[in-house]
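Close look at the chain arrangement
So you can see what is in the structure, the chains are spelled out below.
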Amino acid sequence: MTIGSQCLLWLSLIGLWYIYAGYPLLMWICARRFPRPQLKQSEPRTLSIVIVAHNESKNLPRKLASLFSCSQSQWIQEILIGSDGSTDDTVTTTQSYPDPRVRAVDFAMRRGKPAVLNDLVPECTGEFVLLADARQDFDHDCLERLLENFADPRVGVVSGELILRSAPGETTAAQGIGFYWKYEKFIRRSESHFRGVPGATGACYVIRKSLFRPIPEQTILDDVAIPMLAVQQGALCVFEPRALIFDKPSQSTRQESVRKRRTIAGAAQLIQLFPQWLSPLRNPLWLEFVSHKLLRLASPILLVTAFLTNLTLLAHPLYRLLFAAQVTFFASAAIGWFFQVIGRRAAICGPSLMFLTLNYTTALALWDAVRSRYRVTWQK
């Protein structure tokens, strides 16, 4: 056995442990030991809503009905639907909606969500702006739960909670995605109770209009960039677990992989667009941003390093045991993938399949980032 191989193996395993277990545990402990004082109060607000839509004519009527059915919907001053190069009836569907607060803004050329937000948010008349997507349904009290957090003048951004609705007979991939999303929400909840969250749920978050700053039009993760720019101004970004929106999980690893590949490439892109966030002196949420958003980019490298260095250490019983554990984990993911292919369920394999799929996707996203292959427009 070589000392170098042992060190690489243990450093890789410790790195993986910190990324996926140590950091969440640290945030949970900090949230319990040093909780952030919370002030919440429901009081009248003036709210503008901005939805960027590309060919969403089928979803918009249901979305608008969901928003107007919320309690305190009278606080809604306006809903601006930014049609980003739509080629369907998005604009006419919006214009014909029977509420004068709904207004369509037609952008003939498709530029991407950040460019549309840069144009529309400054036009809003409300003190607060809700940024939402066209697909998800809002719970009846979602708006009220979001806005009551602004009773605390330090709070600048409030993120809602996305609930993935399970369905009978859902695939192994969908089960794994659901497990992963619950894990993510645990981390966000802990971060929020401690110092704040380095980002928001893109489908539903509210920002004080005065804190909004334009972002580069090529930004992929606008739901990280916009909240973090508010954090840099001294505001808090918090997570409100009672403000619920509902969506369906992806039913295949391929479908989820496309989404995650774009998201992970966007995390790498943030380093290029906002290098100042790498400095603990200039980023109030430096620990959270680096640990939650950036270190996961190293996860595929750590996985491969751990496996290959373990192969060179099989002469020792301890390392044979570690290697067997790795092989068992990989085999579980392979079984989950096989069941996915034949259309069967294997719930116990969902988390391992999701974990390895995520790391494979991360590796592809890093390759995209190296080649600067960023695409700001979302492909359905």
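None of these values were measured; they are calculated from a predicted model. (Residues numbered from 1 in each chain as written. Predicted model: local features only at pLDDT ≥ 70, side-chain atom pairs only at ≥ 80, totals over all residues. Heavy atoms only, no water.)

**Here's the deal with the overall build of the protein chain**
Applicable threshold: The way it works is that DSSP assigns letters per residue, a run of H or I at least four long becomes a helix, a run of E at least two long becomes a strand, and they are numbered from the N terminus. Any residue under 20% of the maximum accessible area for its type is buried, any over 50% is exposed, and the rest in between are partly exposed; the area is computed with a 1.4 Å probe on protein chains only. Here, two residues are considered to be in contact whenever any of their heavy atoms come within 4.5 Å of each other. Accessible surface area values rest on a Shrake-Rupley calculation with a 1.4 Å probe, where residue burial reflects the displayed protein chains alone.
Across its full length, the protein chain carries twelve helices and eight strands. A buried classification covers 55% of the 380 residues belonging to the protein chain. Taking the intrachain contacts of the protein chain between residues at least 6 apart in sequence as the baseline, contacts between residues at least 24 apart amount to 80%. Split by element, the accessible area of the protein chain, about 17,200 Å² in all, is 62% carbon and sulfur.

**Some points on the pattern of salt bridges**
Under the convention used in this document: By salt bridge we mean one thing: a side-chain nitrogen of Lys or Arg within 4 Å of a carboxyl oxygen of Asp or Glu.
Across all of its chains, the model carries 20 salt bridges by this definition. As a salt-bridge pair, Glu123 and Arg103 come within 3.9 Å of each other at their nearest N and O atoms. With Glu123 in the loop between helix H4 (113-120) and strand E4 (128-132) and Arg103 in strand E3 (residues 102-107), this residue pair connects regions lying 20 residues apart in the sequence. A residue is classified by how much of its surface remains accessible, and Arg103, at 38% relative accessible area, is partly exposed. What emerges from the salt-bridge pattern is a single network uniting Lys40, Asp141, Arg145, Glu148, Glu240 and Arg242.

**Section: the sheet that holds strand E8 (residues 236-247)**
Strand pairs in the sheet, formed through backbone hydrogen bonds, run parallel or antiparallel to each other. Here is the rule we go by: A pair of strands is labelled paired if DSSP reports no fewer than 2 bridges between them. Comment: axis = line fitted to C-alpha atoms, over the contacting stretch for helices; angle = value between 0 and 180 degrees taken between N-to-C directions.
Read across the open sheet, the eight strands follow the order E3-E2-E1-E4-E7-E6-E8-E5; overall the sheet is mixed. The sheet terminates laterally at E3 and strand E5 (137-138), the two strands that pair on one side only. Bridge count between strand E2 (residues 76-84) and E3: six bridges; the pairing is parallel. Looking at the pairing, Ser83 lines up with Asp106 of E3. Those strands touched by helix H7 (residues 222-232) are E4, strand E6 (155-164), strand E7 (204-208) and E8, and its axis lies near 30° from that of E7.

**Some thoughts on the pairing of E4**
The buried fraction of E4 is high, at five of five residues. Here E4 shows a buried face lined by Phe128, Leu130 and Ala132 and a second buried face lined by Val129 and Leu131. Bridge count for strand E1 (residues 47-53) against E4 is five bridges, and the pairing is parallel. Among the inter-strand pairings, Ser48 is bridged to a residue of E4, identified as Val129. Pairing of E4 with E7 involves five bridges; the strand directions are antiparallel. Within E7, the residue paired with Val129 across the bridge is Ile207.

**With respect to the nonpolar core**
Short version of the rule: Nonpolar cores were defined as sets of buried Ala, Val, Leu, Ile, Met, Phe, Trp, Tyr and Cys residues, with membership established by side-chain atoms within 4.5 Å.
Judged by nonpolar contacts, the single largest core of 61 residues is most densely connected at Val50, Leu131, Ile207, Ile226, Leu270, Trp277 and Phe289. Take this core: its biggest share by element is seven residues, from H7. Setting aside its immediate chain neighbours within four residues, Ile226 contacts Leu117, Leu131, Tyr205, Ile207, Phe212 and Ile215. Among the nonpolar cores identified, the runner-up in size contains 35 residues, and Ile51, Ile76, Ile81 and Leu147 belong to it.

**What about the packing of aromatic side chains?**
Just so we agree on the cut-off: Pairs were defined over the aromatic rings of Phe, Tyr and Trp, the Trp ring being its six-membered one, requiring ring centres within 6.5 Å. Orientation was assigned from the angle between planes: stacked under 30 degrees, edge-to-face over 60, tilted for the rest.
On inspection of all chains with the given rule, the structure shows eleven aromatic pairs. With a centroid separation of 4.5 Å and 40° between ring planes, the pair formed by Phe128 and Phe150 is classed as tilted. With Phe128 in strand E4 and Phe150 in the loop between helix H5 (142-147) and E6, this pair connects stretches of sequence that are 22 residues apart. We note that Phe128, like Phe150, is buried. Pairing Trp277 with Phe289 gives two aromatic rings, centres 5.6 Å apart and planes at 85°, and the pair type is edge-to-face. Here Trp277 is found in the loop between helix H8 (253-273) and helix H9 (286-294), whereas its partner Phe289 is found in helix H9, with twelve residues between them in sequence. When sorted by exposure, Trp277 lands in the same class as Phe289, which is buried. Feature note: the residues Tyr20, Phe307, Phe323, Phe329, Phe330 and Phe355 constitute an aromatic cluster, connected by ring pairs.

**Describing the pairing of E1**
Inclusion rule: Here, the term right-handed applies to a crossover whose path from the first strand over the helix to the second runs clockwise when the strands point away from the viewer.
A large share of E1 lies buried, amounting to seven of its seven residues. The side-chain alternation of E1 yields two buried faces, one formed by Leu47, Ile49, Ile51 and Ala53 and the other by Ser48, Val50 and Val52. Following the chain from E1 across helix H2 (residues 60-68) to the adjacent parallel E2, one finds a crossover that is right-handed.

**Notes on empty space enclosed by the protein**
Applicable threshold: Think of a 1 Å grid over the protein atoms and nothing else: a 1.4 Å probe that fits but is trapped marks a cavity, an open set flanked by protein within 12 Å on at least five of seven lines marks a pocket, and residues with an atom within 4 Å of a point count as lining. Grid points are joined across faces, edges and corners, and a volume is the space filled by probe spheres set on the points. Classification convention: Asp, Glu, Lys, Arg as charged; Ala, Val, Leu, Ile, Met, Phe, Trp, Tyr, Cys, Pro as nonpolar; all other residues, Gly among them, as polar.
Under the criterion given, the structure shown has one cavity of 30 Å³ or more. The calculated volume of the largest cavity comes to roughly 40 Å³. Together, Arg36, Gln38, Leu39, Lys40, Asn149, Asp152, Val155 and Val238 line the largest cavity. In terms of residue class, the lining of the largest cavity is built from three nonpolar, two polar and three charged.

**Points about the environment of Leu364**
Summarising the element assignment, Leu364 is placed in helix H12 (residues 350-370). In this structure, the C-alpha to C-alpha distance between Leu364 and Ala265, residues 99 residues apart in sequence, is 8.5 Å.

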